[in-house]
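Chains, contacts and geometry: an overview
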2 protein chains.
Amino acid sequence: MNSLKLLDKAVEQFASLPGIGRKTALKFVLNLLKREDEEVKAFTESIIDLKKNIRECTVCHNITDGEICDICSNPKRDRTLVCVVENIKDILSIEATSQYNGLYHVLGGVISPMDGIGPTDLHIASLIKRVEDDNNIREIIFALSATIEGDTTGYYIYKRLANKEKLVISTIAKGISIGNNLEYTDELTLGRSIVNRVKFNLNG
Amino acid sequence: MNSLKLLDKAVEQFASLPGIGRKTALKFVLNLLKREDEEVKAFTESIIDLKKNIRECTVCHNITDGEICDICSNPKRDRTLVCVVENIKDILSIEATSQYNGLYHVLGGVISPMDGIGPTDLHIASLIKRVEDDNNIREIIFALSATIEGDTTGYYIYKRLANKEKLVISTIAKGISIGNNLEYTDELTLGRSIVNRVKFNLNG
């Protein structure tokens, strides 16, 4: 049954997305099947365009269509501040608060031994090197999830950077609910927690 | 910000899928961004292939890569039985029970005035015509959801076909839980309800 094979292939692809099972995937595929050809073309081309044109900023690991991302190359941003985040979703969330005008550094995750993710799997080495090479940087702000993994990651980076003179290491205020991931925090709370950031200390 | 525009376009497309909001769509897009080029190509091509090669069977509205679907053109199927279903997901569910060897007719939905879906929006006219033209057909089996909309649809078609002599109109046994959609029924219950189908009567 060739048509069922084609259907199954598409279902399998959608079922590979995070949190999507075969029944939901089938719902998506049947929804796409019902649409006009041009609509489906727009759908697939948006993915192809994205994949073809987007790569990682060589400085901060944000997404970019060039070498350096729009935030790193923006002369109006405060180059003394670097906000350390888990992923680019967090950059989008923080940018939406309009409360922060510094730069970012995307780790690509947090240290999580349970998931087999260690410091070398993250962009921590490039952060350390960036702080060493760039004399403009005066403050590192941790904007990590208020989870054990987020705290561990902050602590690990803090230990690696604590010997740098004149470098302030801060963390966003614990206005964000304990146990929650950053992406589920509302803009007001997240904005306030950036403004009210406190010096990083081992007691959280 | 061109890279964000590209990201946003892809997010918008995924957010157009049923039940998917912008946050989940963003999660999907970032997941795809992290994958290898070939993996993303396989993803988009499965959709393009499907859309390019699949159309509706001109007889029963099942999916097919030709003119007539594999079930309608299979000489081993019992051509005296036509099982009326809402969508092709239901065909897949019933085929998985291995309890049915007849043909199908896909309505494309059920009558639902609340959603603005009337009889003319469904493949009911083509079912009536099919019964009139094809003298092999001896029985019409309703395998519709046990909801008000499903019952209404069965009743509507019953009224249109009741005057046909020698045509048996049956409905799958109400072993399927009342209020549930067909796709969430387990294979055993669904198979049994096909075997134990009863004559359609107005008291359900």
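What you see is a predicted model, and the numbers here were worked out from it, not measured in a lab. (Residues numbered from 1 in each chain as written. Chains lettered and ligands numbered in written order. Predicted model: local features only at pLDDT ≥ 70, side-chain atom pairs only at ≥ 80, totals over all residues. Heavy atoms only, no water.)

Attention shifts here to the overall build of chain A. Within chain A, the regular secondary structure consists of seven helices and seven strands. Relative to its full complement of 204 residues, chain A shows a buried share of 47%. Of the roughly 10400 Å² that chain A leaves accessible, carbon and sulfur atoms contribute 49%. (Helix = DSSP H or I, 4+ residues; strand = E, 2+ residues; numbered from the N terminus. Buried < 20%, exposed > 50% of the residue type's maximum accessible area, 1.4 Å probe, protein only. Areas by Shrake-Rupley, 256 points an atom, 1.4 Å probe, with all protein chains shown as cover.)

This paragraph deals with the interface of chain B and chain A. Each partner contributes to the interface: chain B provides 50 residues, whereas chain A provides 50 residues. Buried area between chain B and chain A, summed over both chains or domains, comes out near 4900 Å², and the portion from carbon and sulfur atoms is 73%. Seen at the junction of chain B and chain A, the total is two salt bridges. D49 of chain A serves as the salt-bridge partner of K9 of chain B, at 3.7 Å between the closest nitrogen and oxygen. (Contact = heavy atoms within 4.5 Å. Buried area = accessible area lost by both parts, 1.4 Å probe. Salt bridge = Lys/Arg side-chain N within 4 Å of Asp/Glu carboxyl O.)

What follows concerns the relation of the copies chain B and chain A. Of the transformation superimposing chain B on chain A, the axial component is 0.0 Å and the angular component is 180 degrees, with the fit at an RMSD of 0.1 Å. The superposition of one copy onto the other is thereby described by a two-fold rotation axis. Residue T44 of chain B, judged by its C-alpha, is the member of chain B lying nearest the rotation axis, at 2.7 Å. (Least-squares fit on C-alpha atoms with pLDDT ≥ 70 in both.)

With that settled, the discussion passes to the confidence of the model for chain A. Confidence in the prediction of chain A, expressed as mean pLDDT, is 86, and 91% of residues score 70 or more. Quick note on the complex model: pTM equals 0.70, ipTM equals 0.71. (pLDDT = per-residue confidence, 0-100.)

All names here are of chain B. Of the pairings in the sheet, the one linking strand β5 (residues 139-142) to strand β6 (residues 168-171) comprises four bridges and is parallel in character. Paired with F142 across the two strands is T171, which belongs to β6. The handedness of the β5 to β6 crossover, carried by helix α6 (residues 148-161), is right-handed. (Pairing = 2+ DSSP bridges. Right-handed = clockwise from strand over helix to strand, strands pointing away.)

A few words now on the state of the cysteines. Residue and element names in this part refer to chain B. Evaluation of the coordinates by the stated rule reveals zero disulfides over all chains. A disulfide-free cysteine, C60 has its sulfur positioned 3.6 Å from the sulfur of C72, the nearest such atom. You can call C60 buried: its relative accessible area is 1%. (Disulfide = S-S within 2.5 Å.)

Relative orientation and spacing of two packed helices are given, respectively, by the angle between their axes and the distance between those axes. Relative orientation of the contacting elements helix α3 (residues 37-53) of chain A and helix α3 (residues 37-53) of chain B amounts to 175 degrees, with a least axis distance of 10 Å. Considered as vectors, α3 of chain A and α3 of chain B are oriented roughly antiparallel to each other. Residue-level inspection shows D37, V40, F43, T44, I47, I48 and K51 of chain A of α3 of chain A in contact with α3 of chain B, the latter providing D37, V40, F43, T44, I47, I48 and K51 of chain B. Grouping the constituent residues of the contact of α3 of chain A with α3 of chain B by class yields eight nonpolar, two polar and four charged. (Axes fitted to C-alpha atoms, helices over the stretch in contact; angles between N-to-C directions. Parallel < 35°, antiparallel > 145°, perpendicular 65-115°, else oblique. Nonpolar A, V, L, I, M, F, W, Y, C, P; charged D, E, K, R; others polar.)

Residues and elements named next belong to chain A. Summed over the entire model, instances satisfying the criterion amount to ten salt bridges over all chains. For the salt bridge of D133 with K129, the shortest nitrogen-to-oxygen distance reads 2.6 Å. Of this pair, D133 and K129 are both found in helix α5 (residues 125-133), four residues apart, which corresponds to roughly one turn of the helix. The salt bridge involving E132 is made with K164; its shortest N-O contact spans 3.4 Å.

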